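# Structural overview
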Amino acid sequence: MSGSSRIVAVLGPTNTGKTHYAIERMLGHRTGVIGLPLRLLAREVYDKIVAIRGPSVVALVTGEERIVPPRAQYWVCTVEAMPEGMGADFVAIDEIQLCADPERGHVFTDRLLRSRGTNETLFLGSDTMRGPISALVPQAQFVRRERMSQLVYSGSRKISRMPARSAIVGFSVENVYAIAELLRRQKGGAAVVMGALSPRTRNAQVDLYQNGEVDYLVATDAIGMGLNLDVNHVAFSSLSKFDGRRMRPLAPNELAQIAGRAGRGMSDGTFGVTGEAPPLDEGVAQAIMDSRFTPMKKLNWRNAALRFGSIEALIDSLEVSPDDEHLIKARPADDLNALKSLSQVTEVVARASDGPSVRLLWDVCRIPDFRGISHAEHASLLEVIYGHLHERGSIPDEFMARQIRRIDQTHGDIDALSKRLAYIRTWTYVAQRKGWVRDESHWRDETRTVEDRLSDALHERLTQRFVDRRTSVLLRRLKQKEALLAEVNDKGEVTVEGEFVGRLEGFRFIPDKSAQGTEAKALKSASLQALAPQFHLRADRFYNAPDTEIDFTDQGGLMWGEYAVGKLVAGAEPLKPMVEVFVDEAAGPDVEQKVQRRLQHFIDRKVAALFEPLLNLSRDEELSGLAKGFAFRMVEALGILPRAQVAQEVKDLDQDARGALRKHGIRFGQFTIFMPLLLKPAPTRLRLVLWALSSGLQEFPEAPPPGLVTVPVAKDAPQGYDTMCGYRDAGERSIRIDMLERLADMLRAEDSRGGFEAKPDMLSITGMTLDQFADLMQGLGYKAERGERPKVKPAPVEQPAAAEADKPTAEEAPASEVAAEEVAAPAEAAAEATDGTEAAAEAGADSLPAEPVSDEPEVEVFYTFTWARQRQPNRGPRREQGQGKGKPRGKPQDGRGKPHGKKGGKPQGAKTFSSRPPKKEKAIDPDNPFAAALMGLKDGN
């Protein structure tokens, strides 16, 4: 060391420009070396100097990276990788306070004691090092640098309320990932910075933060080592860390080192706590703000004068204790632990029999345990490497290729890629050591390429997991109060600034379901602001859309194509429903009113078109009196009234009133009074919705399938549902009311007292089997008595002409036979097939064995129907007095037990005469179910 060499300790808190000052001083000399605490920081300083002087004169040397141009003048290194004996004009050691670090402190102490520049030496660090430096380097001068901005403690706050441009510090990988995930959900994402990341990954993550793609950084305490970032606030998620042996609380000076990253240049910064970290003690917080900490008294030290005569001699020299009161013996580091483990391996001991072999073993033991799997596995790997180097002089190419090939895979999650990066760092370190591989240039490039590939993949996974670019972009644009560009494609997919944010369904924005919590709120807020013009364009298009593009659902919803745009709500009258629209509040009142008017026009026109006969009835001014009142009842009942409900009103209507009502299409049926035009599927569907609205139903029943005469009775349906569907419940099935009236017309001609059988026409119009028809009749109030009888076989067909002549006509045949003959047609067809087989057998077909012919006659099932209810107005035929339900009937009898004639006939007995003038007969109601019989009696008289 030259006597004129200048040694200066530049001490002070963070953000004093110490590193920048050292770079300027180094570039003022012809050659220089600067030692930095982290590989990441070394790369950052290297890039800065390259930008000033160019890459041809700047070298970068770390454990895993070595860039040494032929004319290198300035060496940027990690402290462990600083070359010795170069005789550089300038030497600087950054973060010199790490001399007190239990893991690496002995390395920094060694540089403090032994590294010197021929012209100038700088030690950069905390003011707490003033005492040890004065004692150990008495010739050192001190320069105090003050912080360029203020640092203020802001207390505790939730992560969800963390200000932008904040760094949140965790002390474990799990903690860092958990915080980053929370920030992704609530703030759009965060960049992740850890010491274990490769420089390439770390730089890519920092770029995310520095260029504003994310406003938050989650990091370990690695950011406290001189990394210069635009951070306004630093928050501690914990106040303790694992130091390799135990969990211990962070000292105030350690907290200050990290908190000092807030506020760069002349900008003030703040620091605080978050998550589960308790608030800082007032005294600690004030000490950090004032940069007043307990001075260091002891520095970690390990003997640098090593003896390589044997493994035991080397271990002994490494465990020598210091003889200075300011130094303490460092605890065994990883390299010493590895040496002790290998000293127990017989083969290793046999190989390390001389000085060069022991020195080589020590160099191998200094390979860092990047993988961090276990001490034993690390020692096992070192044993293999030492064996190759000692036996062959270098590591075989095929061995290197095999190790790298296993690692060179970019699939997998963050943890898998992080492990591969840790593994490749071991072989990158090996490739950087001079003479350890045959083709150093090839293997350095190979390991660097794999590391870069893994670094890019890890950056991609970190970004995918912890950065929601969509939310980040929207929040940033909102904060900057810039206009957001929204686009909606033909599928309704909404993109804002090119990022998919959700779907526009009608006039409601449905955010992407992957967004949750605060993220979803921010997403919706930004999206609705951007969608305001789209809402107006869509409202104009909807207002001019034809009615064919709009429809209502069975539940009262209003659809525009496939999107729900509103729903029907009950109005003052059943035929005047109102509309409630589905429009986002952000669309504005103008859009809402336009959609509401269009939907009201649609439903008003739909009601007017499908219920035109009913509306004409309600507007007929010529109706008066009872007819007008009955018309009101019809309108109120939506065009269908069970006759039993209005029996008295119908009875009170005279023929003129009925005629006026019939002109509007009203049919007075035996069971129902209705308008046939309103039984069509479209009016029926709308009638059910209007009825459900006016009845206040929560769930609307659906209309039955169109075109069916009978349908199964709907279980648990609201009262009146069958009527609104245009059906009447009868037994297990419901029958359409117009077909029921046709059936009633047929039943009028039958003897409902004496009993009758089903006619083929009855089965035909209902589309039922005989058993189903019997159940229907019982539902209508008839009694069905089941019976069996021998089946009449048709005459053999020998002479068609004669058969036709002999066959009785329908008029000649008894009605019961005709009914039984036609209803049992399928059974007869089967019987005819059997008869044909029997005839063939009787004809004497020799090839077939004779089969016995059954003498038992075939039977057929029939039903006899009789009226089973008490006399009700306009409901079924008149029943004789004293004849109860279900009683067996013979021929009708009068009160004296004498038989009557058929329905409509008069009872036999003495005639009575009167001297009064004949009473004026009341006109026969043509809608009376017995009108035909009464007319017959009248004509008979």
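Higher on the page you've got the structure.
What you see is a predicted model, and the numbers here were worked out from it, not measured in a lab.

## Some points on the packing of helix 5 (residues 173-187) against helix 16 (residues 440-466)
Closest axis-to-axis distance for the helix 5/helix 16 pair is 8 Å, and the angle between their directions is 55°. Judged by the inter-axis angle, helix 5 sits oblique to helix 16. On the side of helix 5, the interface is formed by Tyr177, Ala180, Glu181 and Arg184, while helix 16 contributes Leu462, Arg465 and Phe466. Here the residues of the contact of helix 5 with helix 16 sort into four nonpolar, no polar and three charged.

## With respect to the packing of helix 15 (residues 414-432) against helix 16
Packed helices, taken two at a time, are described by the angle between their axes plus the distance between the axes. The contact between helix 15 and helix 16 brings their axes to 9 Å, and the two run at 160°. In terms of orientation, helix 15 lies roughly antiparallel with respect to helix 16. Helix 16 is crossed by helix 15, and the crossing has left-handed handedness. For the contact of helix 15 with helix 16, the residue count by class is 13 nonpolar, five polar and six charged.

## Some words on the side chain of Arg116
Within the element layout of this structure, Arg116 appears in the loop between helix 3 (105-114) and strand 7 (120-125). Within polar-contact distance, the side chain of Arg116 engages the backbone oxygen of Leu112 at 2.8 Å.

## Remarks on the pairing of strand 32 (residues 733-736)
Pairing between strand 30 (residues 710-712) and strand 32: three bridges, direction antiparallel. Across the sheet, residue Thr710 finds its bridge partner in strand 32, namely Ile735. Taking the residues between adjacent antiparallel strands as the criterion, strand 31 (residues 727-730) and strand 32 are bridged by two residues, where Gly731 takes a positive phi near 75°.

## Focus on helix 8 (residues 282-290)
Residues Ala285, Ala287 and Ile288 constitute the buried set of helix 8. Buried residues in helix 8, looked at end-on, bunch into an arc of 160°, giving them a common side. As for helix 8, its buried residues are in contact with strand 9 (151-156), helix 7 (252-259) and strand 16 (269-273). The distance from a side-chain oxygen at the start of helix 8 to the backbone nitrogen of Gly283 is 3.0 Å, and the residue carrying that oxygen is Asp281. Downstream of helix 8 by one or two residues, Ser291 has phi in the positive range, about 55°.

## A closer look at the environment of Glu573
Within the fold, Glu573 resides in the loop between strand 25 (563-569) and strand 26 (578-581). Under the relative-accessibility criterion, Glu573 is labelled partly exposed at 42%. Between the C-alpha atoms of Glu573 and Leu690, which are 117 residues apart in sequence, the distance is 9.4 Å.

## A word on the environment of Leu528
Along the polypeptide, Leu528 turns up in helix 18 (residues 517-543). Taking relative accessible area as the criterion, Leu528 reaches 13% and is therefore assigned buried. If sequence neighbours within four positions are ignored, Leu528 has contacts with Phe509, Phe535, Asp584 and Ala586.

## Observations regarding the sheet that holds strand 29 (residues 672-674)
Read across the sheet, three strands follow the order 27-29-28 without closing on themselves; strand pairing throughout is antiparallel. The open sheet terminates on both sides in strands that have one partner only, identified here as strand 27 (640-642) and strand 28 (667-668). Here three bridges tie strand 27 to strand 29, and the two strands are oriented antiparallel to one another. When the bridges of strand 29 are listed, Leu641 appears paired with Ile673. The strands that helix 21 (residues 625-636) touches are strand 27, strand 28 and strand 29; relative to strand 27, the one it contacts most, it runs at about 105°.

Conventions used here
Residues numbered from 1 in each chain as written. Predicted model: local features only at pLDDT ≥ 70, side-chain atom pairs only at ≥ 80, totals over all residues. Heavy atoms only, no water. Axes fitted to C-alpha atoms, helices over the stretch in contact; angles between N-to-C directions. Helix = DSSP H or I, 4+ residues; strand = E, 2+ residues; numbered from the N terminus. Parallel < 35°, antiparallel > 145°, perpendicular 65-115°, else oblique. Contact = heavy atoms within 4.5 Å. Nonpolar A, V, L, I, M, F, W, Y, C, P; charged D, E, K, R; others polar. Left-handed = near helix turned anticlockwise from the far one by under 90°. Polar contact = N/O pair within 3.5 Å; in protein donor to acceptor, adjacent residues only side chain to side chain. Pairing = 2+ DSSP bridges. Buried < 20%, exposed > 50% of the residue type's maximum accessible area, 1.4 Å probe, protein only. Arc of directions from axis to C-beta.

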